[in-house]
Amino acid sequence: MNPTAFILANAGQDTVLPPSPLPGQDRRQFLRTLGGGILVFVALGETLAAAEAEAPVPRGGRPGLPTDFNAFIRIAEDGRVTCLTGKIEMGQGPITSLAQMVADDLDVPYESVDMLMGDTDLCPWDMGTWGSLTTRQFGPLLRAATTEARGVLLALAAERLQVPAAQLVARDGIVFVGADEQRRVTYGELARGQKIERHLTVTPDLKAFAQFRVAGRPKLRRDAREKVTGQARYAGDFRLRGMLYAKVLRPPSHEAKFKNADTSAARATPGVRVVEDGEFIAVLHELPDVAAEAVTRIKAEYDVPPSTLSDENIHEHLLRVAPPAATVGQGGRLEDGRALAAHTAESTFFDGYVAHSPMETHAALATIEGDKATVWASTQNPFGARDQIARALGFPAEKVRVITPYVGGGFGGKTSNLQWACRCR
Amino acid sequence: MPGTVSFKLNGQPVSLKVDSDRKLLWVLRTELAQTGTKFSCGKGICGACTVLVNDRPARSCMLRLGSLQNKSVVTIEGLAQGGQLHPLQKAFMEHDALQCGFCTSGMILTAYGLLQNQPRPSREDIISGMDRNLCRCGAHTRIIDAIQSAAAELAGGTK
């Protein structure tokens, strides 16, 4: 790894790293060099359109489908299946539940499905993981893609076995001739020697719920063993050779105006480097705790306007500064409901000010090699992070790769990625 | 203070020539590459950084390295023995007692200490014993179930 690699992390964390696989390749090249096998690209056909039409419209509008690159499913020559998705795992369980869907729709053992999540070089574009939309909105899209993959495999099997596809049955990654189960071929055999990127024009029907054997039934979390043994990696657990941890100076309160800072005491700590760009000041050191300690030695002055807020006026204040209300969804007729109501009640409800406060602090690790940046980020929105980082660095988006390890909670607070853009300054 | 600090980490002797004022959490995560111990609040409040020191739970973000001279430290990586998960680890898996997993190391090691004091805790005992470990996801009731189940296994009863 390049010795100029550096880390930028909030309070710093770390470990010994896995280097990024095949750095410098673009994602199509990467997938092509994965070896043989079958990559199924989703045709933007009626199934997908229907699936998307049924999904709820997310706040901020419908994101649309990835059109340039949308291989959600890869079948390898050893029969293993990889589901590639821009969704991320932060405890809500898609590493398990999406694999269950794939197993059912592809007719493969659940254990043969690997999940590759949140890597912007390898996974199809995704709007981000939030709003409880992974199962409801992304699920139907993944199911359609997987069903297309099964169609490809059945078509290949029909050629191989010299039988019309309609006479074939798939089970546990093996295609049988229905009338003669001795005549069979495995998915792995079908994928062997293939370099197929295939689009289907006819999509098989999605399975009905009653046909599910894996989905809809309880499973232990796939990530449970890693998480009870301390092996699960989060963004702050990666460590690159020669990297530095950065700790950023924060203003003491809302609306504090930066005046000046004396960083000489921080700079006096051996091994410390200070990056100053106006009010943005970061202290870097090869040890996270030393960086954190050194940042406390910066003597920064701010104009801090006295707060006029109290328990009495906080709700009024929050109402005043809140963004304008917007209609998220609309349906039915309110007048009809009013006319039918036997009782009406009106009330005003107050809630406390709520912070996301995930257990994992915001953290990211960045390395720049040549003209390519790779960032391991604790984010709910890897593709959004990629674009923001690219803007902050002045790089084209394809020269930024965001990899999302396990995320230690997000609750919406890791959706907008301001911190990554900040880190990359 | 520079100097050499020697202790056992997960059964193995360790001698480190580092500033003995550094906190154990960061030494584990950097010098010793043991990242199962998590940083969260950094103030000894949340419990995510809990390790065992001489078999008792302790918050590694608050522990000076120098205080560990000749002591024994066990992290989540050292709890399984000979490839066999500890009953608490198995119970956390089986009861789905984790989500994002960031609090899990500290939860399990705090529960380890709880069961030493109270081998057959009631639900109320568990709730008060685990009160200083924070989970932000919502695994709380399953954590209680897991600890009760592990207690039963450790006590030799059926789960």
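The structure this text deals with has already been given above.
On a predicted model such as this, the values are computed, not experimentally measured, just so you know.

Let's talk about the overall build of chain B
When helices and strands are tallied, chain B shows 5 helices and 5 strands. In chain B, the order of α-helices and β-strands from amino to carboxyl end is β-β-α-β-β-β-α-α-α-α. Rg of the C-alpha trace for chain B: 16 Å, near the compact-globule value of 15 Å for 159 residues, within the 12% margin. Seen along its three principal axes, the alpha-carbon backbone of chain B occupies a region of about 50 × 30 × 25 Å. Burial status across chain B gives 54% buried among its 159 residues. Considering only contacts within chain B whose residues lie at least 6 apart along the sequence, 57% involve residues at least 24 apart. Only carbon and sulfur atoms are counted for the fraction: they give 50% of the accessible area of chain B, which is about 6,700 Å².

Considering the pattern of salt bridges
All names here are of chain A. Under the criterion given, the structure shown has 27 salt bridges over all chains. Measuring nitrogen to oxygen at the nearest pair gives 3.7 Å for the salt bridge that ties Arg150 to Asp107. A residue pair is termed long-range when its members are at least 10 positions apart, and Arg150 in helix 4 (residues 134–161) and Asp107 in the loop between helix 3 (94–106) and strand 5 (113–117) qualify at 43 residues. Here the two residues Arg150 and Asp107 agree in accessibility, since each one is buried. Of the charged contacts in the structure, one is a salt bridge between Lys207 and Asp107, with a shortest N-O distance of 2.5 Å. Pair noted here: Lys207 is in the loop between strand 9 (195–198) and helix 6 (224–228) and Asp107 is in the loop between helix 3 and strand 5, with a separation of 100 residues, a long-range link. Relative accessible area serves as the criterion here: at 13%, Lys207 is assigned to the buried category. Via salt bridges that share partners, Asp119, Asp121, Lys372 and Arg401 belong to a single interconnected network.

What about the sheet that holds strand 4 (residues 56–59) of chain B?
Residue and element names in this part refer to chain B. Taking strand neighbours across the sheet as the criterion, the 5 strands line up as 2-1-5-3-4 in an open arrangement whose pairing is mixed. In this open sheet, the two edge strands, each paired with only one partner strand, are strand 2 (12–17) and strand 4. Ignoring which end each strand starts from, the neighbouring axes of this sheet average 40° apart. Judged from the 2 bridges that link them, strand 1 (residues 4–9) and strand 5 (residues 72–74) form a sheet pairing that is parallel.

Here we look at the environment of Pro94 of chain A
Note on placement: Pro94 of chain A falls in helix 3. According to the relative accessible area criterion, Pro94 of chain A is buried, its value standing at 3%.

Observations concerning the sheet that holds strand 10 (residues 245–248) of chain A
Residues and elements named next belong to chain A. Read across the sheet, 3 strands follow the order 10-13-12 without closing on themselves; strand pairing throughout is antiparallel. At either end of the open sheet lies a strand with only one pairing partner, and these are strand 10 and strand 12 (273–277). Across this sheet, the average inter-strand angle for adjacent strands is 25°, counted without regard to direction. In this sheet, strand 13 (residues 280–285) lies alongside strand 12 in antiparallel orientation, the contact comprising 5 bridges. Note on strand 13: the bridge partner recorded for Val274 is Val283. In the packing of helix 8 (residues 288–295) onto the sheet, the strands contacted are strand 10 and strand 13, and the crossing angle to strand 10 comes to about 25°.

Notes on the side chain of Arg143 of chain A
Residue and element names in this part refer to chain A. Residue position: Arg143 is located in helix 4. Note on Arg143: relative accessible area 15%, which makes it buried. Residues in contact with Arg143, not counting those within four places in the same chain, are Met101, Asp105, Leu206, Lys207 and Phe212.

What to know about the packing of helix 2 (residues 87–94) of chain B against helix 3 (residues 104–117) of chain B
Residues and elements named next belong to chain B. For the pair helix 2 and helix 3, interaxial distance at closest approach is 10 Å and the crossing angle is 125°. It follows from the interaxial angle that helix 2 and helix 3 lie oblique. For the element pair helix 2 and helix 3, the recorded crossing hand is right-handed. From helix 2, Leu88, Gln89 and Phe92 reach across to helix 3, where they touch Thr104, Met107, Ile108, Ala111, Tyr112 and Leu115. Across the contact of helix 2 with helix 3, the residue classes break down as 7 nonpolar, 2 polar and no charged.

What about the environment of Leu393 of chain A?
Along the chain, the position of Leu393 of chain A falls in helix 11 (residues 382–393). Along the sequence, Leu393 of chain A and Ala373 of chain A sit 20 residues apart, while their C-alpha atoms lie 9.0 Å from each other.

Remarks on the side chain of Gln34 of chain B
Within the fold, Gln34 of chain B resides in the loop between helix 1 (24–29) and strand 3 (50–53). What Gln34 of chain B contacts, discounting residues up to four positions off in sequence, is Leu9, Asn10, Leu28, Arg29, Thr75 and Glu77 of chain B.

Cut-off values and rules
- Each residue is numbered by its place in its chain's sequence as written, counting from 1.
- In the order they appear in the text, chains get letters beginning with A and ligands get numbers beginning with 1.
- The predicted origin of the model limits local features to residues at a pLDDT of at least 70 and limits the giving and counting of side-chain atom pairs to 80 or more, whereas totals for whole chains, interfaces and linings rest on all residues.
- Values reported for side chains reflect all heavy atoms of the structure, with hydrogen atoms and water molecules removed beforehand.
- Only DSSP runs of H or I reaching four residues or more are called helices, and only runs of E reaching two or more are called strands; each is numbered from the N terminus.
- As a reference, a globule follows 2.2 Å times the number of residues to the power 0.38, and the radius of gyration itself is taken over C-alpha atoms.
- Burial classification: accessible surface area is computed with a 1.4 Å probe over protein chains only, and a residue below 20% of its type maximum counts as buried, one above 50% as exposed, and the rest as partly exposed.
- Contacts are assigned to residue pairs that have any heavy atoms within 4.5 Å of one another.
- Only the protein chains shown count as covering a residue, and every accessible area follows the Shrake-Rupley method with a 1.4 Å probe.
- Salt bridge criterion: a side-chain nitrogen from Lys or Arg within 4 Å of a carboxyl oxygen from Asp or Glu.
- Only when DSSP finds a minimum of two bridges between them are two strands counted as paired.
- Axis angles are defined between N-to-C directions and span 0 to 180 degrees, where every axis is a line fitted to C-alpha atoms and, for a helix, only to the segment in contact.
- When an angle is under 35 degrees it counts as roughly parallel; over 145 it counts as roughly antiparallel; between 65 and 115 it counts as roughly perpendicular; any other value is oblique.
- Crossing chirality is assigned from the near helix's rotation relative to the far helix, an anticlockwise turn below a right angle marking it left-handed and a clockwise turn marking it right-handed.
- Under the grouping applied here, Gly and all other residues not named as nonpolar or charged are polar, the nonpolar ones being Ala, Val, Leu, Ile, Met, Phe, Trp, Tyr, Cys and Pro and the charged ones Asp, Glu, Lys and Arg.

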